[in-house]
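# Survey of secondary and tertiary structure
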Amino acid sequence: MERTYQVTYPCDSLDFNPTVKTFDLFDEMQDWITEEVGARVQFFVDHSPFPISDKERQDQEQLEYSLIQIKEI
């Protein structure tokens, strides 16, 4: 039986129009999530008016992952 994965990734907890993507392959989904989280964390670092510590970067990455919802459809 073939599985399809739906990923919902809002920009924050109040986002009413989140990014929703579907993937036929688990690895493809996982690669997209890794790249998207990396891009969002890098944007956070690049646009911060203050230097970002490794702990703050890790906290932001954890926050980004917590926003993602994955379901099999």
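In what follows, the accompanying structure is described. What you are looking at is a predicted structure, and each value in this text was computed from that prediction instead of being measured.

The first and last C-alpha atoms of helix H2 (residues 54-67) sit 20 Å apart over 14 residues, in line with the 20 Å expected at 1.5 Å per residue. Within the sequence span of H2, burial applies to Gln-60, Glu-64 and Leu-67. What you see down the axis of H2 is that its buried residues fit within an arc of 60°, all on one side. Exposed positions of H2 whose direction lies more than 90 degrees from the buried face are Asp-54, Lys-55, Gln-58, Gln-62 and Ser-66.

The buried fraction of strand E1 (residues 5-9) amounts to five of the five residues, a majority that puts the element mostly inside the structure. By the alternation rule, side chains of E1 split into Tyr-5, Val-7 and Tyr-9 and Gln-6 and Thr-8, which are all buried. When E1 meets strand E2 (residues 19-23), the two strands line up antiparallel, connected through five bridges. Residue pairing across strands places Thr-8 opposite Val-20, the latter belonging to E2. As judged from the four bridges shared by E1 and strand E3 (residues 69-72), these two strands associate in the antiparallel manner. Along E3, the bridge assignment pairs Gln-6 with Lys-71.

What counts as what
- Residues numbered from 1 in each chain as written.
- Predicted model: local features only at pLDDT ≥ 70, side-chain atom pairs only at ≥ 80, totals over all residues.
- Heavy atoms only, no water.
- Helix = DSSP H or I, 4+ residues; strand = E, 2+ residues; numbered from the N terminus.
- Expected span 1.5 Å × (residues − 1).
- Buried < 20%, exposed > 50% of the residue type's maximum accessible area, 1.4 Å probe, protein only.
- Arc of directions from axis to C-beta.
- Pairing = 2+ DSSP bridges.

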